[in-house]
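# Working through the structure, step by step
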Amino acid sequence: IFSSIPRLGMEGLVVREIIRDQTQAGRWLGTVIAFRGATACVCSLLSLLLIGFLRSGQSLPAAIVAVLGIGLVGQSLESGELFFQARNEMRYLVLPRLGLFLSINAVKVVLVIKGMSVFWFAAITALEQVAGGCLTVVLLRMALGKNSRLQFDFLRGWAVLRNSWPLAVAAFSVVVYMKVGQLMLSQMMGDAALGIYSAAIRIPESANFLPMVLASSMLPGLVRNQEMGGDFYKKSLLRYFRINALLSYAVCIPLCVGSSWIIGVLFHAGYSEAAPVMAVYVWSLIFVFTGVSRGQHLLNVCSTRLSLGFSLLGLGINLLGNLLFIPRMGPMGVALATVVSYGCSGFLVTFFVPATRHIAQLQGMALLTPWLAFQR
């Protein structure tokens, strides 16, 4: 939960500014890294204090949180990727990061085989985060060249933070309502029910990165098209929504239809109850995809407070849905509450806000005609 805070909602705003003036990239990135690093230090300390309160007298949980806190601070260095996003050059980061990812996971396999303590898995995760951050900074300095360097500008960072804080709070609220259902299920139905639900969402949750990757690759083009305005921007936005819709259907339909087979292959027979839960939960991804694409438009037009309002509404609906559905339906109730809350916050509510009603129409058109995504 704490790990969502240091990002500060700055990504899209900073990418937009770098697109507009690349000569200021070093100043923007140095500022973001400093702001995120300082926030990560505070969040690491707060998480350590909280685990000390929740698990008083237990040294292992405190040690794990402390080590992961170091990784969280190191992860702030990955802010350098915003420069590559702005220039549509993420390929220069992907291969080195992939090599690091494969190397770290090979070490994790060795740890599993040797039966090492869970502390060492936390330590190797933190090492991956720190190494990934350092690698990003090295590649960033090479890309910036000798004529540009990382610089810190507090006033510039504070100005961005005043615009980005609604996005930061919105991201935090999304993390909370992604996890609060699991906490409520554990308290109301026990750990066995939580295990069923956790197995059901494991595969669908792994697809959450897809709309974020798509957003980072398409944001530069959307910014340029938005500046041109008119029908040209509307058409490019509709195409972006349709690509998201098409991608979400490509994930949801196979996972829904094959849920029984997937659970049977990946988990023990005792998890068979997770299959119908997965078949329902997976449809929340459609609204995750449409919500992310809508968020990119709101970022372009500087309506970040609307993103915050939509996220807080989703959190409220999710809490209410869990209270109503969990006692009657158990894990299926959490899945249903998730789909309903995502559907309301990511799509339906857009119709009821005059400033976004035209976006809701584009979202609806995209969901109904996703096959036209690549039509010129």
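Below is a short write-up of the structure. Just so we're clear, the structure is a prediction, and the values are computed from it rather than from any experiment.

Criteria and thresholds
Residues numbered from 1 in each chain as written. Predicted model: local features only at pLDDT ≥ 70, side-chain atom pairs only at ≥ 80, totals over all residues. Heavy atoms only, no water. Helix = DSSP H or I, 4+ residues; strand = E, 2+ residues; numbered from the N terminus. Buried < 20%, exposed > 50% of the residue type's maximum accessible area, 1.4 Å probe, protein only. Contact = heavy atoms within 4.5 Å. Expected span 1.5 Å × (residues − 1). Core = buried A, V, L, I, M, F, W, Y, C linked by side-chain atoms within 4.5 Å.

### Comments concerning the environment of Gly-133
- Note that Gly-133 resides in helix H6 (residues 118-144).
- Owing to a relative accessible area of 0%, Gly-133 belongs among the buried residues under this scheme.
- Placed 99 residues apart in sequence, Gly-133 and Ala-34 show a C-alpha to C-alpha distance of 13 Å.
- Setting aside residues up to four positions removed in sequence, Gly-133 forms contacts with Gly-74, Leu-77 and Glu-78.

### Comments concerning helix H5 (residues 91-114)
- With 24 residues, H5 ought to run about 34 Å at 1.5 Å a step, and its terminal C-alpha atoms sit 35 Å apart, in line with that.
- Along H5, the residues classified as buried are Leu-93, Leu-100, Ile-104 and Leu-111.
- Following H5 by one or two positions, Gly-115 adopts a phi angle in the positive range, close to 65°.

### Observations regarding the side chain of Thr-290
- For Thr-290, the location among the structural elements is in helix H13 (residues 284-300).
- Once you skip the residues sitting within four places of it in the chain, Thr-290 turns out to touch Gly-346, Gln-363 and Leu-367.

### With respect to the nonpolar core
- Ranked by size, the top nonpolar core spans 44 residues in total, and within it Tyr-197, Leu-237, Tyr-240, Phe-241 and Leu-285 carry the most contacts.
- A total of 10 residues in this core trace back to one element, the largest contributor, which is helix H10 (residues 230-257).
- Ignoring anything within four residues of it in the chain, the contact list for Phe-241 reads Ser-293, Arg-294, Ile-359, Leu-362, Gln-363 and Ala-366.
- By size, the runner-up hydrophobic cluster in this structure holds 22 residues, among which are Leu-13, Leu-29, Leu-82 and Leu-139.

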